[in-house]
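Results of the structural survey
Each chain, letter by letter, is given below.
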Amino acid sequence: MICHRRRATGGGGGGGGPPPAPPGGARAAAPPATRVIRIKRADGASVGALMMHFMLETILAAHLLGVNPFDQPAVETCKRLARERLGAMSRK
């Protein structure tokens, strides 16, 4: 699996870097970075590894932001609602 970040270009340069400065020296806001992920095979192991990567990345980002990713009220509410709906479906 290969993962790298690429900046969108403003139509010039083509090298993946920031767009060239407009005439007059004023710089426009840089476009947002995008992440390109390439996998050789879309098999269970590759997709599982990619999912694990994003789960760990989310945990790390939450830690850096001071948020507990394992104790979110909305997550618990969604789990409860999902259980209720799945239970209702299985009783039909």
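Structure shown above.
Residues numbered from 1 in each chain as written. Predicted model: local features only at pLDDT ≥ 70, side-chain atom pairs only at ≥ 80, totals over all residues. Heavy atoms only, no water.

So, the overall build of the protein chain
Helix and strand counts for the protein chain come out as 2 helices and 2 strands. For the protein chain, the succession of helices and strands along the chain, N to C, is β-β-α-α. Expressed as a percentage of its 92 residues, the buried residues of the protein chain come to 7%. Counting only contacts in the protein chain whose residues sit at least 6 apart along the sequence, the fraction spanning at least 24 positions is 50%. (Helix = DSSP H or I, 4+ residues; strand = E, 2+ residues; numbered from the N terminus. Buried < 20%, exposed > 50% of the residue type's maximum accessible area, 1.4 Å probe, protein only. Contact = heavy atoms within 4.5 Å.)

Some words on the pattern of salt bridges
Inspection of every chain in the model, using the stated rule, returns 4 salt bridges. The salt bridge partner of Glu57 is Arg35, with a shortest N-O separation of 2.7 Å. With Glu57 in helix α1 (residues 44–65) and Arg35 in strand β2 (residues 33–38), the pair connects residues that are 22 residues apart, well separated along the chain. For Arg35, a relative accessible area of 29% corresponds to the partly exposed category. Its salt-bridge partner being Arg80, residue Glu84 comes within 3.0 Å of it at the nearest N-O pair. Separated by 4 residues within a single helix, Glu84 and Arg80 lie in helix α2 (residues 73–91), roughly one turn from each other. (Salt bridge = Lys/Arg side-chain N within 4 Å of Asp/Glu carboxyl O.)

Regarding a nonpolar patch on the surface
A cluster of nonpolar residues, Ile39, Val47, Met51, Met52, Met55, Leu56, Ile59 and Phe70, forms a patch on the protein surface that exposes about 750 Å² of accessible area. Its place among the elements puts Ile59 in helix α1. Note on Ile59: relative accessible area 33%, which makes it partly exposed. (Patch = residues over 30% accessible without salt bridge, like charges linked within 9 Å, V, L, I, M, F, W, Y side chains within 5 Å. Areas by Shrake-Rupley, 256 points an atom, 1.4 Å probe, with all protein chains shown as cover.)

Quick look at the side chain of Ser46
Within the secondary structure, Ser46 is located in helix α1. For Ser46, the side chain forms a polar contact with the side chain of Asp43, separated by 2.9 Å. Setting aside residues no more than four positions away along its own chain, Ser46 makes contact with Ile39 and Arg41. (Polar contact = N/O pair within 3.5 Å; in protein donor to acceptor, adjacent residues only side chain to side chain.)

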